[in-house]
Amino acid sequence: MSKSKFNVAVAGATGAVGGAMLDVLAQRNFPLDELRLLASERSLGKKLKFKDQEIAVQQLTKDSFKDIDIALFSAGASRSLEFAPAAAEAGAVVVDNSSAFRMDPEIPLVVPEVNPLAINQYTKHGIIANPNCSTIQMLVALKPIYDKVGIKRIVVSTYQAVSGSGAKAIEELKNQIRAWVAGEKLVNEVYPHQIAFNCLPHIDSFLDNGYTKEEMKMVNETRKIFADDSIGVTATTVRVPVIYGHSESVNVETINKISAAEVKDLLKTSPGVLLVDNPAANEYPLAVNCAGRYETMVGRIREDESISNGINFWVVADNILKGAALNAVQIAEVLTREYL
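We now turn to the structure provided with this report. Every residue gets a number counted from 1 within its own chain, in the order that chain's sequence is written. The model is predicted, so local features are restricted to residues of pLDDT at least 70 and side-chain atom pairs to those at 80 or more, both for listing and for counting; the totals for chains, interfaces and linings are taken over all residues. Working from all heavy atoms in the structure, the side-chain values ignore hydrogens and water.

Topic: the overall build of the protein
Operational definition: Segments assigned H or I by DSSP are reported as helices when at least four residues long, segments assigned E as strands when at least two residues long, and all are numbered from the N terminus. Using C-alpha atoms as the atom set, the radius of gyration is obtained and then compared with a globule rule of 2.2 Å times the number of residues to the power 0.38. The buried label applies to any residue whose accessible area, calculated with a 1.4 Å probe on protein chains only, is under 20% of its type's maximum; exposed applies above 50%, and partly exposed to all values in between. Here, two residues are considered to be in contact whenever any of their heavy atoms come within 4.5 Å of each other. Using a 1.4 Å probe, the Shrake-Rupley method yields the accessible areas, and only the shown protein chains count as cover for residues.
Helix and strand counts for the protein come out as eight helices and 14 strands. Against the compact-globule benchmark of 20 Å for 340 residues, the protein has a radius of gyration of 20 Å, which places it among compact chains. By principal-axis analysis of the C-alpha atoms, the protein measures approximately 60 × 60 × 45 Å. Per-residue burial over the protein gives 53% buried out of 340 residues. Summarising the internal contacts of the protein: among those between residues at least 6 apart in sequence, 66% fall at separations of at least 24. Per element, the accessible surface of the protein, about 15,500 Å² overall, is 48% carbon and sulfur.

Pasting the structure below:
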């Protein structure tokens, strides 16, 4: 008989995504029995609020996962590589938000609205990988198009919020804006250049092919999640002076013809999608409107007049929620319903 309540550990509980995981678990009334909060030694004993409780943070060690059913990891790739196998060995199913396991061919890479059946592959290593935030929102929007008419090629440009770089990047943007208003020198430490009032076409490190790691994540993760290496994907990822919410301009060349009207009809009923497409009233997805929302917002849908089977659209999502915490909890929900 399957369980009705589950013991969950959150590794990296004191970080931005870890905190969002706690919020999502509470908001969605996840069937919890025990909630175990784990972080580095410097957070030992710190108390975090969950619903009407205050829970003390424990130190993350390889022995932290006794009797845990699901371990949600958002502690960075190096800690995932060190501690996730130990969690799986202890009997937990790990849902990892880092890049550590995404391209391992034996570990499923999952967006629940796109490839939920891949979750069943967790039994090989006890680990499921959460995709990159920019990949997640793009594929939530592309899935119904892919299923209906197939996809030949994707060209995507992203406009990614500084929260994707962490709390220090948010502070850097705020401090630079304050300095600019005061007529003082703008200091940059997180980014190689000023981020206030600027756009940086540079996310993660550059590779020998001229792309960045972030751009190649979108290429490789898209093919893995769709299980289709025939799709051509090219990406340009840009950091912009926005705090929360990644925006993307997506151009899709489909295998078979589909009209903009048909795409809108598909997306109206697609799971996880909110269609915001009324240009006559200046209504389209905006980063300032997506913060705190679970949905992936899609709009500016139009046919690409330069090719016969082309569609353009604009997609926006909260990078901390759907791009990380929410997606991980959704995977955990599927585990509780169908596998544990």
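Things to note about the packing of helix α3 (residues 133-149) against helix α5 (residues 213-226)
Operational definition: Inter-axis angles, ranging from 0 to 180 degrees, are taken between N-to-C directions of lines fitted to C-alpha atoms, where helices are fitted over the stretch in contact. The scheme is simple: roughly parallel for angles under 35 degrees, roughly antiparallel for over 145, roughly perpendicular for 65 to 115, oblique for anything else. Helix crossings get a hand from a simple test, with the near helix turned counterclockwise from the far one by less than a right angle marking a left-handed crossing and a clockwise turn marking a right-handed one. For this classification, the nonpolar set comprises Ala, Val, Leu, Ile, Met, Phe, Trp, Tyr, Cys and Pro, the charged set comprises Asp, Glu, Lys and Arg, and every other residue, Gly included, is treated as polar.
Relative to each other, α3 and α5 sit at 40°, their axes nearing to 10 Å. Between α3 and α5, the angle falls in the class oblique. At the point where α3 passes α5, the crossing takes the right-handed sense. Side by side, α3 and α5 meet where S134, T135, M138, L139, L142, K143 and Y146 of the first sit next to E214, K217, M218, E221, T222, I225 and F226 of the second. Broken down by class, the residue content of the contact of α3 with α5 amounts to seven nonpolar, three polar and four charged.

As for the sheet that holds strand β6 (residues 70-73)
Here is the rule: Paired strands are those between which DSSP finds at least two bridges.
Taken in spatial order, the six strands make up an open sheet running β5-β2-β1-β6-β7-β8, and their pairing is parallel. One side of each edge strand has no neighbouring strand; the edge strands of this open sheet are β5 (58-59) and β8 (127-129). One ladder, built from two bridges, connects strand β2 (residues 32-39) with β5; its direction is parallel. If you follow L38 over to β5, its bridge partner there is Q58. Running at roughly 155° to strand β1 (residues 6-11), helix α1 (residues 16-27) makes contact with β1, β2 and β6 of the sheet.

Here's the deal with the layout of surface pockets
For clarity, the cut-off: Buried and open spaces are told apart on a 1 Å grid over the protein atoms alone, a cavity being a set of points where a 1.4 Å probe fits but cannot get out and a pocket being an open set with protein on both sides within 12 Å along at least five of seven lines. Residues with an atom within 4 Å of a point are the lining residues. Grid points are joined across faces, edges and corners, and a volume is the space filled by probe spheres set on the points.
Approximately 1,300 Å³ is the volume found for the largest pocket. Lining the largest pocket we find 45 residues, and of these V17, G76, G164, S165 and G166 sit closest to its centre. Of all elements in the fold, only α1, α2 (77-89), α5 and α8 (321-338) reach the threshold of two or more residues within the lining of the largest pocket. Residue composition of the lining of the largest pocket, by class: 15 nonpolar, 21 polar and nine charged.

A word on the pattern of salt bridges
To keep it simple, the criterion reads: Definition used for salt bridges: Asp or Glu carboxyl oxygen within 4 Å of a side-chain nitrogen of Lys or Arg.
Counting across every chain of the model gives 14 salt bridges. Among the salt bridges present, the one from E214 reaches K217, with a minimum N-O distance of 3.9 Å. Of this pair, E214 and K217 both sit in helix α5, three residues apart, which is roughly one turn of that helix. Residue class for E214 comes out buried when judged on its relative accessible area of 5%. Linked by salt bridges that have partners in common, D204, E214 and K217 make up one network.

Just geometry here; none of it tells us what the structure is for.
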